[in-house]
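Tertiary structure, described
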Amino acid sequence: MSGSLVIVGLGPGAPDYLTPSASRALADATDLIGYSVYLDRIPVTGAAQTRHATPNRVELDRSRHALQLAAAGRHVAVVSGGDPGVFAMAAAVFEAIEAGDPAWRALDIRVEPGVTAMLAAAAEVGAPLGGDFCAISLSDNLKSWATIEKRLNAAADGDFVIAFYNPASSARPHQIGLAFDLLRAKKAPDTVVLLVRNAKMPDVSVITTTLADVDPALVDMRTLVIVGASATRLLARDGKAPWVYTPRAERDKV
Ligand code: SAH
């Protein structure tokens, strides 16, 4: 019997942001595998479906388990928040394939994209990613802090808008503060900073501030941080939070 494996992006949280294609992939699976927080977001359909909840941070074990089940003929869906290709499970599955049983390369494997956190966060405030931007994960579980510093400096030198994933956790509370310090040395104090927590979820919160004023203590692991480029600006509105956007056209600033 030939099995299959699909790596599914659940989007930022609210069910409306799950694509119809991803939704069908979840419904068709015999086995759902993922971090329990993400599995809990998927409604139980009543179909005969096995759920394999795993703790966070065991991505390679989870990937190998999924590949073994698919090789045994099951139809497996591995779930990720947001997009599975952005700091998430899709790359972990391909790492497991690269290092694993050569037979896994013949499996029917597919990736179902999802709305990633930086797009959901940007949509909460306007169009801050309207010009060139980059995404940096601040987690140093899988890379060194020296590498992160090098990329922060390059992003600042290039005047990119920067989207920070994994900006802080209880084990790493200080890194976003260090990142702001480093950027302050290169960017204007009035550079726009956005702290978007739980984007596209019912309890979303948005803080619009500046590099000079931002309080790193307000950033946690449910927050996506956006640091603007020099052109990123606010559009004031009466009685409402300003829109934030980055114009498409640029004069030579770099
Ligand atoms: N694959 C995911 C990202 C995984 S990294 C995606 O594409 O979105 C986890 C980080 O994503 C979190 O620490 C946080 O920075 C960000 N994140 C995920 N969902 C979010 C949401 N709804 N609102 C704000 N940030 C979110």
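One can find the structure itself at the top, above this paragraph.
Right, let's walk through the structure included here. (Residues numbered from 1 in each chain as written. Predicted model: local features only at pLDDT ≥ 70, side-chain atom pairs only at ≥ 80, totals over all residues. Heavy atoms only, no water.)

**Some points on the site of the ligand**
Around the ligand, the structure places 19 residues, and the nearest of them are Val86, Thr116, Ala199, Met221 and Thr223. Here Ala199 contributes a backbone N or O atom positioned 2.8 Å from a nitrogen atom of the ligand. Between the ligand and Met221 there is a distance of 2.7 Å, counted from an oxygen atom to a backbone nitrogen or oxygen. When isolated, the ligand has an accessible area of 540 Å², and the protein chains bury 93% of it. The class makeup of the residues in the shell around the ligand is 11 nonpolar, 6 polar and 2 charged. The two domains that each donate at least three residues to the shell around the ligand are domain 1 (4–115) and domain 2 (118–253). (Near = heavy atom within 4 Å. Polar contact = N/O pair within 3.5 Å; in protein donor to acceptor, adjacent residues only side chain to side chain. Areas by Shrake-Rupley, 256 points an atom, 1.4 Å probe, with all protein chains shown as cover. Nonpolar A, V, L, I, M, F, W, Y, C, P; charged D, E, K, R; others polar. Domains from an automatic or database assignment.)

**A look at the sheet that holds strand S2 (residues 31–35)**
On the basis of which strands lie adjacent, the open sheet formed by 5 strands has the order S3-S2-S4-S1-S5 and parallel pairing. Each edge of the open sheet is held by one strand with a lone partner, namely strand S3 (50–54) and strand S5 (108–112). Looking at each pair of strands side by side, their axes are set apart by 15° on average, direction ignored. Bridging between strand S1 (residues 4–9) and S5 involves 5 bridges; their strand directions are parallel. Across the sheet, the residue bridging to Val8 is Glu112, located in S5. Docked against the sheet, helix H1 (residues 20–28) engages S1, S2, strand S4 (75–80) and S5, running at close to 135° with respect to S1. (Pairing = 2+ DSSP bridges. Helix = DSSP H or I, 4+ residues; strand = E, 2+ residues; numbered from the N terminus. Axes fitted to C-alpha atoms, helices over the stretch in contact; angles between N-to-C directions. Contact = heavy atoms within 4.5 Å.)

Everything listed here is a matter of coordinates, which is why it stays silent on function.
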